[in-house]
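Coordinates in review
Residues per chain, in single letters:
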Amino acid sequence: MFQHQYAMVLDLNKCLGCQTCTMACKKLWTDGDGMDYMYWNNVETRPGQGYPRKWDQIGGGFENGKLRPSEIPSREDYGQPFQYNYEERMFQGGLQVMPHEPVENTPNWDEDVGALMLGENYYFYLPRLCNHCTNPACLAACPRNAIYKREEDGIVLIDQERCEGYRYCMRACPYKKIYFNELLGKAQKCIFCYPRLEKGEVNACARQCPGRLRFVGLLDDPGSAVHKLVHVYKVALGLFPEKGTEPNVFYVPPFNPPRRGNYGKSILDDPRMPLDYLVYLFGEQVTDVIRRLEAELKKAQDGAPSEVLQLLIGRDEEVRYQIPKRESLVQITNAQIQPLRRA
Amino acid sequence: MRHIALFLIFASWATAETVDLPLYRTPPLYSTDRPAALEIPSVRLDIQPVDGKTVVKLEWLDRSRDAEAPAPDGFVDACAVMLPAGPVTGDVFPSLQMGDADHPVIIYYYDMKRGAAVMEASGRATTRRTGKTFTAQAAYAGQKWQVTLELPALPAGTPLSVAIWNGAQQDRDGRKYFSLWHRTR
Ligand code: SF4
Ligand code: SF4
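Attention here is on the structure that accompanies the text. (Residues numbered from 1 in each chain as written. Chains lettered and ligands numbered in written order. Predicted model: local features only at pLDDT ≥ 70, side-chain atom pairs only at ≥ 80, totals over all residues. Heavy atoms only, no water.)

What to know about the overall build of chain A
The helix and strand tally for chain A stands at 13 helices and 15 strands. A globule of 343 residues ought to have a C-alpha radius of gyration of about 20 Å, and chain A, at 21 Å, matches this closely. Reported as C-alpha extents along the three principal axes, the dimensions of chain A are approximately 60 × 50 × 40 Å. Expressed as a percentage of the 343 residues in chain A, the buried residues total 56%. A separation of at least 24 residues holds for 68% of the contacts in chain A among residues at least 6 apart in sequence. Carbon and sulfur atoms make up 50% of the accessible area of chain A, which amounts to about 15900 Å² in all. Side chains of chain A carry 43 positive and 44 negative charges; the gap between the two charge centres is 2 Å. (Helix = DSSP H or I, 4+ residues; strand = E, 2+ residues; numbered from the N terminus. Rg over C-alpha atoms; globule rule 2.2 N^0.38 Å. Buried < 20%, exposed > 50% of the residue type's maximum accessible area, 1.4 Å probe, protein only. Contact = heavy atoms within 4.5 Å. Areas by Shrake-Rupley, 256 points an atom, 1.4 Å probe, with all protein chains shown as cover. Lys, Arg positive; Asp, Glu negative; His and termini not counted. Charge placed at Lys NZ, Arg CZ, Asp CG, Glu CD.)

The structure is reproduced here in structure tokens:
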């Protein structure tokens, strides 16, 4: 069993949808051959089709403890990679800058479309990456034992030597966060930037985020922001908890600002988006989380200090990231380790 | 291959024969998956001793040629011949599920994209590439695959089992067609 678990908390109230994280990850890890269509980190507009298209509706994960694999999304579902005709535009003139071929779907196809409620448009951004699950469906599905969860930090990796490209993991992951590299014949996914963490550097997607919305550390380290947000203040939740994989990427649900013109009312009394939609994404607990966050907000508005909001502002990196030295990972004593939700 | 060489000394070679082997589907891996249709009911196996080798020709009907496997949901057609890695005593054959701990197997695998590879296994999920390859050729015409595999000379009576993967049915790994053991003449 693994001793520690890295986790990430993303405060959705702070996400600008700028895709800087997406590009940080792309440039660093998926710039190689056969990887053009893959975004280990993507930011999608919610409500919306997501990336790959309808990933949240096609299945995967566990049901009554049993794997419930889905179909593998098609190339069209991920969206086609394309380039613009910059060269023609710049050196031949007279043409508009256009994709070099007709485009029918892309990872960010319905950006900022959202939906309507009471005649008002609403949406928010959902950055997504592999959840480095405590009970990874991808790992359970692989007949070659090519997927493993690192004992020292809970990071889930695919052994590229053992992988034969069977893609059972892609069917099993309920978050559809495994990609197939056609040229190599291998499955690939977010590595939680383990080579950076091992040097004491935070994940690239977190480091580059101008919204400063990502918190990274060990979930079992009582001093970490992620531990506090998830286990102490209880304001961050995993996506689709009913899928049974126990994700370790958590989200502070969007609860602010309130709908135009409802000043003073609770978001639960006069929501700017259907609460059902948040329940769909984060489970029933989301209502309590919003209540807790609103209480903190009220407290702060009344002039009292709110530790939670202070932490969520997370201006400085030392507040957001607690990356232990690799050597010390094994030195955190058992007494200091809070039991993981499922150790 | 080392094991085969050992017991060749005491045996006579497999002789020429042509036989149609019925194919079966492995059951679905997940209870939520529907059983796959039996689109390829049989494979023709042609065995010829040629210059100290056994040339095995496989021929089967396949309505689509899947050799490119566009990502991420495409899979390629493939075939394999599985042999016991060691001498077979009596009628105790290795398990059809990639042999077992006491009866390891050698698999001569050919996929339409990556070509030939020799694999070893001693039970389900133990299959591994040896890094060795062998001479093989494949051709698709008239909705049929014809694949010729050059194996080391097989002694008469060697049990062999054939596996066929149909890319169009998303076959790969244990999701495939297989024949029962057939003993060479
Ligand atoms: S999110 Fe998907 S790929 Fe990542 S560990 Fe969980 S099941 Fe595996
Ligand atoms: S943790 Fe690293 S590999 Fe994973 S999504 Fe972020 S930048 Fe990409």
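Side note on the interface of chain A and chain B
On the chain B side, the residues contacting the 24 residues of chain A number 23 residues. Of the roughly 2000 Å² buried between chain A and chain B, counting both surfaces, carbon and sulfur atoms make up 45%. Joining chain A to chain B, the criterion identifies three salt bridges. For the interface between chain A and chain B, the tally reads eight residue pairs in polar contact (both at pLDDT 80 or more). Those elements that provide at least two residues to the side of chain A that touches chain B are strand 4 (66-67), helix 2 (75-78) and helix 5 (168-172) of chain A. If one sorts the elements of the side of chain A that touches chain B by residue count, helix 5 of chain A sits on top with three residues. (Buried area = accessible area lost by both parts, 1.4 Å probe. Salt bridge = Lys/Arg side-chain N within 4 Å of Asp/Glu carboxyl O. Polar contact = N/O pair within 3.5 Å; in protein donor to acceptor, adjacent residues only side chain to side chain.)

Thoughts on the site of ligand 2
All names here are of chain A. Neighbouring ligand 2 are Cys25, Trp29, Trp40, Asn41, Leu129, Cys190, Ile191, Phe192, Cys193, Asn203, Ala204 and Cys205. Those elements that place two or more of their residues in the shell around ligand 2 are helix 1 (20-29) and helix 7 (204-207). Residue composition of the shell around ligand 2, by class: ten nonpolar, two polar and no charged. (Near = heavy atom within 4 Å. Nonpolar A, V, L, I, M, F, W, Y, C, P; charged D, E, K, R; others polar.)

Focus: the environment of Glu307 of chain A
All names here are of chain A. Structurally, the position occupied by Glu307 is in helix 11 (residues 307-313). Residues Glu307 and Tyr233 lie 74 residues apart in sequence; the distance between their C-alpha atoms is 9.1 Å. Aside from chain neighbours lying at most four places away, what touches Glu307 is Tyr233 and Glu296. There is a polar contact of 2.5 Å between the side chain of Glu307 and the side chain of Tyr233.

A look at the pairing of strand 4 (residues 53-61) of chain B
Residue and element names in this part refer to chain B. Relative to strand 4, strand 3 (residues 42-50) runs antiparallel, the two sharing seven bridges. Each residue of the ladder has a partner; that of Pro49, found in strand 4, is Thr54. Hairpin geometry of strand 3 and strand 4 is characterised by an intervening segment of two residues between the two adjacent antiparallel strands and by a positive phi of about 45° at Asp51. Where strand 4 and strand 10 (residues 144-152) come together, nine bridges link them in antiparallel fashion. Bridge pairing in strand 10 links Trp60 to Trp145. (Pairing = 2+ DSSP bridges.)

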